[in-house]
2 protein chains.
Amino acid sequence: MCRGDDPTCPAFEAHHRRFAEDLARERRAFLASRFAANGGAARLAAGGLGLPRPASAATRHHHLPANADTVHWGYFSRSLRPQLEVRTGDLVTIETLTHQASDDHERMIAGDPGAESVYLWTKDRKGVMRRGAGEDDGKGLGVHICTGPVLVEGAEPGDVLEVRILDVALRPSANPDYRGLAFGSNAAANWGYHYNDFLTGETREVVTIYELDATGARNWARALYSFRWPEIVDPAGGRHPTIDYPGLPVDHATTVRDWGVLAGVRVPVRPHFGVMGVAPREAEAVNSVPPSYSGGNIDNWRIGKGASVYYPVSVAGALLSVGDPHASQGDSELCGTAIECSLTGTFQLVLHKANALEGTPLEGLDFPMIETADEWVLQGFSHPNYLAELGPDAQAEIFRRSSIDLAMRDAFRKMRRFLMTAKGLTEDEAISLMSIAVDFGITQVVDGNWGVHAIVRKDIFPA
Amino acid sequence: MCRGDDPTCPAFEAHHRRFAEDLARERRAFLASRFAANGGAARLAAGGLGLPRPASAATRHHHLPANADTVHWGYFSRSLRPQLEVRTGDLVTIETLTHQASDDHERMIAGDPGAESVYLWTKDRKGVMRRGAGEDDGKGLGVHICTGPVLVEGAEPGDVLEVRILDVALRPSANPDYRGLAFGSNAAANWGYHYNDFLTGETREVVTIYELDATGARNWARALYSFRWPEIVDPAGGRHPTIDYPGLPVDHATTVRDWGVLAGVRVPVRPHFGVMGVAPREAEAVNSVPPSYSGGNIDNWRIGKGASVYYPVSVAGALLSVGDPHASQGDSELCGTAIECSLTGTFQLVLHKANALEGTPLEGLDFPMIETADEWVLQGFSHPNYLAELGPDAQAEIFRRSSIDLAMRDAFRKMRRFLMTAKGLTEDEAISLMSIAVDFGITQVVDGNWGVHAIVRKDIFPA
C-alpha cells in the first residue's frame, strides 16, 4: 500500500480530489456566514485596535474575520483554498476563535455573528462540518479553529515566512450583559498530563471558565466558575461522556457550577496564539494537535504581541493559518489546555526568499523559530518532523512516541546549530555558552509531539 | 548482605567507625590551614560585604572560611564533625570554593591561603585527602568542595531548615596581577549532555576560563581562553586522560590555549550556589553529584541572593553544607558545569520546628523548596529520594535511571501538593492553575538525578 501523501501513488489523485470535494461542500454549507463576515469586520473596525502605521504607502492592510467561511477546524491542509492573498510586507488583522467557546455559549458565542456561524450546530445543519483530519466529518482528530489560510504571493518551499505579531487584542463578549468583559475556558481534559494521576484515582474532566477585562485595564484573569464535564448529547444524538469532539454544546441545565472556584486568585494574562503555522507538504489533512517543523500547535506563550515567528515554507504560497488563541498558559500546558479565549491579532508577513538566506540566521531553518524583543526562542519537539519520521501511521504514532527527553535532545541540537550558523560560533563555543547562558523549558506535554524550547538572550551578542 | 546504612546490621558499627576515623585522619593532615582560616576571615572582613543588620541584639554573626579544615570534598555525610554550631536566627558568612579552580591555578588559587590549603597536592601531601564518597580517598565519586557542615542547635528530623541568602559576593583573585577580577571555569565534560552527540563524533573535553569583574560594576562575564583537556598526570603519578577526579592540577605547559574564544560575547552573571543542603540520613557517605530531597547539587540558578531554600531536616543538627559556587548557569547546565567560580555567601538560618508546621506551607515538606522575591520554585527530581528508592546500589543506579520525563512527573506532583497544602486549593483548582500559570523548566540534565522545577508567581495569591 502506498502512502496518501505520495504523488506517485495511484490512489493519491483520487484521495486528493475526494478531500478537495469535501472541503468545497463544506464551504457551500453555510451561506449565511457571508453576513457574519461583514458584521465581524465592521465590529473589529469599531473596536479601535491600536494598529501600527503601514511601513510604506505600498503596504496594504487586510482584514480576515473569523466565521464559518474563513476557518478550518482541527486540521491543516496544503489543499485549502486561501482566504486571503497577500504580498510580502502586508499587514493582516486576523480574528481567531477559541474552539472551547461552546463551554459557555452565553458568554463566548451569543451575539457574536462570527462565532455563531462557526458554532452553529442543529439537527440539520452544522456551520462547519469537518472538524479534524479524519474521514468524513474529521472525527475530531484535531480540535483547533484556525482562521485562514493566508497565501503569501511568491512563497515557495525553501523560503522562510516571518510572521510579526504587531498587536493582540481580547475579543470582547458580544453579549450586552457582559459588556467590557472577555471570557475563556480551561478544560482539565482526558488528554491532560494529570489525567491518569489523580490523587483519588477518580478520573474526571473539569472545565473552568475565566473572566478577563476586555479593555485591558486589568492584566489578570479570575476564575468565574467550574463544572465537571457532563455527558453531552450533541444535536445529532451522539453521546459524549468525555471531551472527544470539538464544539460540543454544553447545556448548563445539565451541569453543576461551582461559582466559588479559585477565589481571590489572579492569573497573569499573557495573550498569545497556541496555533500558528504554515501548511505542511507531507500529508493531505494533518491533525491540528501535534506541532511540527511547520509550526501549528506550538503552545508557547511567548508567541504573543511583539514576537515574530519564522517558518520554513513547505508548500507554494505558504498557507498561513492562525488559531487556538490563549489568554494565559504556563510552560507545560499541564491539564491539556490554556485559558482558551478568542483573540484578534494584527500581523505583518515578510517573505524571505531562499536565495537571500545564506549567511543569515535563517539559513537552513527547518523549524519554527521565535524571536521576542529580548530573546531568541528555539522550539524543539519529540519528533522534529513527525509526519516524515514516523511512517504511514505518523498521525496516530506520534501520540504514542513522545517524551520530554526526546524534545530536549532536539532543542539542544537546534540551539547548537543556531549559535554556530547565526552567531558564527564553533561547536565548542556553542556548547559552553549553552551551559551557562541558555535556559531550556518545557513548552507542553499534552500535544502528542511534546515540546522543549531553548532561550538565549539577544544582549549576549552585542552589535 | 545487610546495608551499610542499617544500624541493625552487624557491619554498621564497624563501617561507621572506619569512616569516622578516615575523616579524623584527614582533619589532622594539614595543620597549616588554621593560619589560612584566619587569613581568610580577615580578608573577607576587609572586603566590606554589605551585610544586613542582625535582626536583634541576640542575633550572632559567624564567619566560616573555606580551607582544608573546613571543607569536605565530594560528599555529604551525617557523620561529619560540625565546623560551626549556630542557633536559629543566626547569620553566617560562608566562603565557598569552586572545585575547578585548578583549571587555572594562577588566577583562582595562587595567593589565596584558603584555596591553596585545599588544593595542596604534592607527591607526599594532599590538603584534602578524601575527594568523593568512595573507599579510601573517595575515588572522585563526588566532586564538589563543600564548606561546613553547620550544625543548627535543636534541629531534629521532621523540622524544616530555612536558609535565607542575604548576600552573595564573587571571590576576587588573590593574585595581584589580576586585582579586581574574579575567574571561573566551565568544563564541557564527559558527563555533559552533549558528550555522546558531537557533530563530528570526535569526543573531547574543553575547558573555558571566564573573567568577571569582582567589584560587581560589570554584570557580565567574558570568555578569556579555552583549552582541550590534556592528559593530566597527577602528583601521585596517576594518569587522567579525562576529567575523572576533582582538583587535578592543570599544567598549562601541556595545553594549547585559544585566547580568542567567544569574542565579544557577554554572559549575564547570576551568582548562586550549585550545592547547598543538609546531610541525608540514608547513607554514611553520599556522592555530592546527585541532588535529592535533602538538597545538595540542585544546580538551580535561582538559589542566589534574595532567595531562601527550605530543607527537610534529616539528621540531628541538620548539618548544612554549601559549595559548588556558580557565577552563571543556564537551565539544564547542558555541558556538565556552569561558570564554576568561588563565592562567599551570607546566610540567615531559621529553624522551623516540626510542631509548628501544621497549616503552613512547610507542612509535610519532603523536598528542597525555593522562595525568591517573586516566586515559589518547587524542585522535582527523576527520583525524589533516590537513596531510599533505588536499593543498596542507589548511588550507582541513579546514574542509569534518570530522565526529564520522570522529573516532570515529580515536579507536577509537588506543585499540586503545594497548591493544595500551602494555598488551600482543591485538586481540580490546583490542576487548572498549573496549566495556565505555572511554568515548568529543566533544571539540569547532568547530575545523575535530573531536575525539573515548577515556578508559580506569588502575586497570583494576593494577601
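Above: the structure in question.
Residues numbered from 1 in each chain as written. Chains lettered and ligands numbered in written order. Predicted model: local features only at pLDDT ≥ 70, side-chain atom pairs only at ≥ 80, totals over all residues. Heavy atoms only, no water.

## Structural notes on the packing of helix α7 (residues 404–421) of chain A against helix α8 (residues 427–437) of chain A
All names here are of chain A.
Phase 1: Interhelical geometry of α7 versus α8 gives an angle of 125° and a closest axis separation of 9 Å. What the angle tells us is that α7 and α8 run oblique. Seen from above, α7 lies across α8 with right-handed handedness. For the pair formed by α7 and α8, the contact residues are F412, M415, R416, L419 and M420 on the first element and E427, A430, I431, L433 and M434 on the second.
Phase 2: Within the contact of α7 with α8, the residues separate by chemical class into eight nonpolar, no polar and two charged. (Axes fitted to C-alpha atoms, helices over the stretch in contact; angles between N-to-C directions. Helix = DSSP H or I, 4+ residues; strand = E, 2+ residues; numbered from the N terminus. Parallel < 35°, antiparallel > 145°, perpendicular 65-115°, else oblique. Left-handed = near helix turned anticlockwise from the far one by under 90°. Contact = heavy atoms within 4.5 Å. Nonpolar A, V, L, I, M, F, W, Y, C, P; charged D, E, K, R; others polar.)

## A word on the interface of chain A and chain B
Phase 1: Contact with chain A, which involves 67 residues of that partner, is made by 67 residues of chain B.
Phase 2: Taking both partners together, chain A and chain B bury about 5,200 Å²; carbon and sulfur atoms supply 57% of that area.
Phase 3: Summed over the shared surface of chain A and chain B, the result is ten salt bridges.
Phase 4: Across the pair R204 of chain B and D428 of chain A runs a salt bridge whose closest N-O atoms are separated by 2.8 Å. (Buried area = accessible area lost by both parts, 1.4 Å probe. Salt bridge = Lys/Arg side-chain N within 4 Å of Asp/Glu carboxyl O.)

## Side note on the environment of A327 of chain B
Phase 1: Locating A327 of chain B in the fold gives a position in strand β18 (residues 320–328).
Phase 2: For the pair A327 of chain B and V71 of chain B, spaced 256 residues apart in the sequence, the C-alpha separation amounts to 20 Å.

## Some remarks on the relation of the copies chain A and chain B
Both copies of the chain are related through a single rotation about an axis accompanied by a shift along the same axis.
Phase 1: Superposing chain A onto chain B takes a rotation of 180° combined with a translation of 0.0 Å along the rotation axis, leaving an RMSD of 0.0 Å. What we have between these two chains is a two-fold relation. Minimal C-alpha distance to the rotation axis in chain A is attained by G441 of chain A, lying at 2.0 Å.
Phase 2: Taken together, the interface assignments show that 100% of the residues at the interface of chain A recur at the interface of chain B, consistent with an identical surface on both copies. (Least-squares fit on C-alpha atoms with pLDDT ≥ 70 in both.)

## Some thoughts on the packing of aromatic side chains
Within a pair of aromatic rings, the relevant descriptors are the distance that separates the centres and the angle that separates the planes.
Residues and elements named next belong to chain B.
Phase 1: With the rule as written, the count across this model stands at 22 aromatic pairs over all chains.
Phase 2: The interplanar angle of 80° and the centroid separation of 5.4 Å between the aromatic rings of Y178 and F183 together place this pair among those described as edge-to-face. Of the two residues examined, Y178 and F183, each falls in the buried class.
Phase 3: Aromatic pair F273 and F347: ring centres 5.4 Å apart, planes at 50°, arrangement tilted. Here the residue F273 occupies a position in strand β14 (residues 272–278), and F347 occupies one in strand β20 (residues 343–352), the gap between them amounting to 74 residues. Assigned by exposure class, F273 and F347 land together as buried.
Phase 4: A cation sits over an aromatic face here: R270 above W301, 3.7 Å from the ring centre. (Phe/Tyr/Trp six-rings, centres within 6.5 Å; stacked < 30°, edge-to-face > 60°. Buried < 20%, exposed > 50% of the residue type's maximum accessible area, 1.4 Å probe, protein only. Lys NZ or Arg CZ within 6 Å of the ring centre and 35° of its normal.)

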